[in-house]
Amino acid sequence: MSEHDANARFIRESIVEPAAIARARAHAVELGAAPVSPAVGSQIAVLAAATSARSIVEIGTGAGVSGLWLLRGAPHAVLTSIDNEPEHLAAARQAFAEARIPATRARFITGRAADVLPRMNEASYDIVLIDADAENVIEYVEHGLRLVRTGGMVLVPRVLAGGRVADPVQRDEITSAFRSLVQETQESSAVLATVSTSGEGLLQLISVDAD
């Protein structure tokens, strides 16, 4: 086993997922949803806590898993969850209720993110998490950077596309989009960007004042 594999295994096995999130994950798997891994979930919880987030948007509910992780880190935040799968949103509502998240701390919007995001207020959110419609990831990141305040974060799980992004031979549309996203954000003066390789990978962008 390589050092990288050993580290990944150690991290994976060390994370203790709260019971409410573990239940939501089991339900998500039953529905065929693809929730973020515990490794990524624990990261986004820490980032939500570090930014003292009060207003969060997530694109793709993961049947409630990612939202529960975010609210674990930001216990006073209000989460807006957007998904075009009513069943996934219903599962998220159930998961939040079982976790005793007050109804006032979450709102659920059924619809395509491409239709919903343009109607949301600019510079009004602390975190935007993008975990849906990988083929539209660049468009969603552009919207996310418009929605977050200066100093706010845009988070993109699965950005390594299961290892395909690192393989220059892989040139399918989704892999190319993720690869371009990583490269362009590293070069941009509008954001600070880094990629965590834990779990399925997490691109982290902080909106900065380009002036």
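Reading guide: rules and limits
Residues numbered from 1 in each chain as written. Predicted model: local features only at pLDDT ≥ 70, side-chain atom pairs only at ≥ 80, totals over all residues. Heavy atoms only, no water. 1 Å grid on protein atoms, 1.4 Å probe; cavity = no way out; pocket = protein on both sides within 12 Å on 5 of 7 lines; lining within 4 Å. Points joined across faces, edges and corners; volume = space filled by probe spheres on them. Nonpolar A, V, L, I, M, F, W, Y, C, P; charged D, E, K, R; others polar. Helix = DSSP H or I, 4+ residues; strand = E, 2+ residues; numbered from the N terminus.

Draft legend 1. Structural detail: the layout of surface pockets. The volume enclosed by the largest pocket comes to roughly 340 Å³. If you trace the largest pocket, you find 20 residues lining it, with Ala34, Asp131, Ala132, Asp133 and Arg158 closest to the centre. Partitioning the lining of the largest pocket into residue classes produces 10 nonpolar, 5 polar and 5 charged. A volume near 220 Å³ is recorded for the second largest pocket. Around the second largest pocket sit 12 residues that line it, and Ala8, Arg12, Thr197, Ser198 and Gly199 are the ones nearest its centre. Listed by contribution, the elements that provide at least two residues to the lining of the second largest pocket are helix H1 (3–14) and helix H3 (38–50). No other element matches the 5 residues that H1 contributes to the lining of the second largest pocket. Per-class residue counts for the lining of the second largest pocket are 5 nonpolar, 6 polar and 1 charged.

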